[in-house]
Amino acid sequence: MDLNHAIETTLTVARNEWKYVAEVSTELAPDLPAVQGLPAELNQVILNLIVNATHAIGDVVKNVEGAKGMIKIATRLAGPWVEITISDTGTGIPEEIRHRIFEPFFTTKEVGKGTGQGLAIARSTIVKKHAGELFFESTMGKGTTFTIRLPAPIDGAKA
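This structure is a prediction, so every number in the text was calculated from the model and none was measured.

## A few points about the packing of aromatic side chains
Phase 1: This model, assessed by the stated rule, comprises three aromatic pairs.
Phase 2: Ring geometry for Phe102 against Phe136: centres 6.0 Å apart, planes inclined by 55°, an arrangement best described as tilted. In this pair, Phe102 sits in the loop between strand 3 (81-88) and helix 4 (118-129) while Phe136 sits in strand 4 (residues 133-139), placing the two residues 34 residues apart along the sequence. In terms of burial, Phe102 and Phe136 fall into one category: buried.
Phase 3: Here the aromatic rings of Phe136 and Phe146 are separated by 5.4 Å at their centres, their planes lie at 35°, and the arrangement is tilted.

Here you go:
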């Protein structure tokens, strides 16, 4: 599947979620190889990460009229991996809960805003179903970057 196309499509689908709280920029590698995968499930992972980024930014800008944060999505070929990074200028993830964010049903969102399933499903999809990696870096008050790594095709097939 073509990950760049999947990202563009998912951003369009999620536009009503992010358009009032964030600007979105993309740096999608034009030579990104196609990856083997389950398109609907990979799209769901990307959507979950965009929605989480939007909610984190919303918590930062909610009391500032007209303020918007930034979501940056990039793709690249990184050795044996095709890599997607999704960065936000949201609240950041507190150090004391970072070890729990991939647990099923764990959420920091208010009641009715999240189920605690998004990141658990994302990790399962990437790690178990696609032999990839999912990890993050976060700085309180500055934001979070999630990185998805999927195995690059051995033959270098283009998307």
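## Description of the sheet that holds strand 3
The strands making up a sheet are joined through hydrogen bonds of the backbone, oriented either antiparallel or parallel.
Phase 1: Here five strands make up an open sheet; going across it, the order is 1-2-3-5-4 and the pairing mixed. The open sheet has two free edges, formed respectively by strand 1 (22-28) and strand 4, since each of these has just one partner strand. On average, each strand axis in the sheet is inclined to that of its neighbour by 15°, with strand direction left out of account.
Phase 2: Helix 1 (residues 3-13) contacts strand 1, strand 2 (69-78), strand 3 and strand 5 (143-151) of the sheet and is inclined by roughly 170° relative to strand 1.
Phase 3: The strands that helix 4 touches are strand 4 and strand 5; relative to strand 4, the one it contacts most, it runs at about 135°.

## Remarks on the packing of helix 1 against helix 3 (residues 39-61)
Phase 1: Two elements in contact, helix 1 and helix 3, have axes whose closest approach is 10 Å; the angle formed by their N-to-C orientations is 50°. Taken as axis vectors, helix 1 and helix 3 run oblique relative to one another. Considering only the axes of helix 1 and helix 3, their crossing is right-handed. Contacts between helix 1 and helix 3 involve Leu3, Ala6, Ile7, Thr10 and Leu11 from the former and Leu42, Asn43, Ile46, Leu47 and Ile50 from the latter.
Phase 2: Here the contact of helix 1 with helix 3 is built from residues that sort into eight nonpolar, two polar and no charged.

## Quick word on the pattern of salt bridges
Phase 1: This model, assessed by the stated rule, comprises eight salt bridges.
Phase 2: Across the salt bridge formed by Lys72 and Glu27, the nearest N and O atoms sit 3.3 Å from each other. Residue Lys72 is found in strand 2, and its partner Glu27 is found in strand 1; the two are separated by 45 residues along the sequence.
Phase 3: Residues Arg149 and Glu83 are paired through a salt bridge, measuring 2.7 Å at the closest nitrogen-oxygen approach. Note that Arg149 is positioned in strand 5 and Glu83 in strand 3, a separation of 66 residues in sequence.
Phase 4: A relative accessible area of 5% means that Glu83 is categorised as buried.
Phase 5: Residues participating in the shared-partner salt-bridge network are Arg76, Glu83, Glu133 and Arg149.

## Considerations on the pairing of strand 2
Phase 1: Both strand 1 and strand 2 contribute to a ladder of seven bridges, which runs parallel. For Leu28, the partnering residue across the bridge sits in strand 2 and is Thr75.
Phase 2: After leaving strand 1, the chain enters helix 3 and then returns to the sheet as strand 2, a path that is left-handed.
Phase 3: Alignment of strand 2 against strand 3, held across eight bridges, turns out to be antiparallel. Along strand 3, the bridge assignment pairs Ala74 with Thr85.
Phase 4: Hairpin connection from strand 2 to strand 3: two residues lie between these consecutive antiparallel strands, with Gly79 at a positive phi of about 65°.

Scoring rules and cut-offs
Residues numbered from 1 in each chain as written. Predicted model: local features only at pLDDT ≥ 70, side-chain atom pairs only at ≥ 80, totals over all residues. Heavy atoms only, no water. Phe/Tyr/Trp six-rings, centres within 6.5 Å; stacked < 30°, edge-to-face > 60°. Helix = DSSP H or I, 4+ residues; strand = E, 2+ residues; numbered from the N terminus. Buried < 20%, exposed > 50% of the residue type's maximum accessible area, 1.4 Å probe, protein only. Pairing = 2+ DSSP bridges. Axes fitted to C-alpha atoms, helices over the stretch in contact; angles between N-to-C directions. Contact = heavy atoms within 4.5 Å. Parallel < 35°, antiparallel > 145°, perpendicular 65-115°, else oblique. Left-handed = near helix turned anticlockwise from the far one by under 90°. Nonpolar A, V, L, I, M, F, W, Y, C, P; charged D, E, K, R; others polar. Salt bridge = Lys/Arg side-chain N within 4 Å of Asp/Glu carboxyl O. Right-handed = clockwise from strand over helix to strand, strands pointing away.

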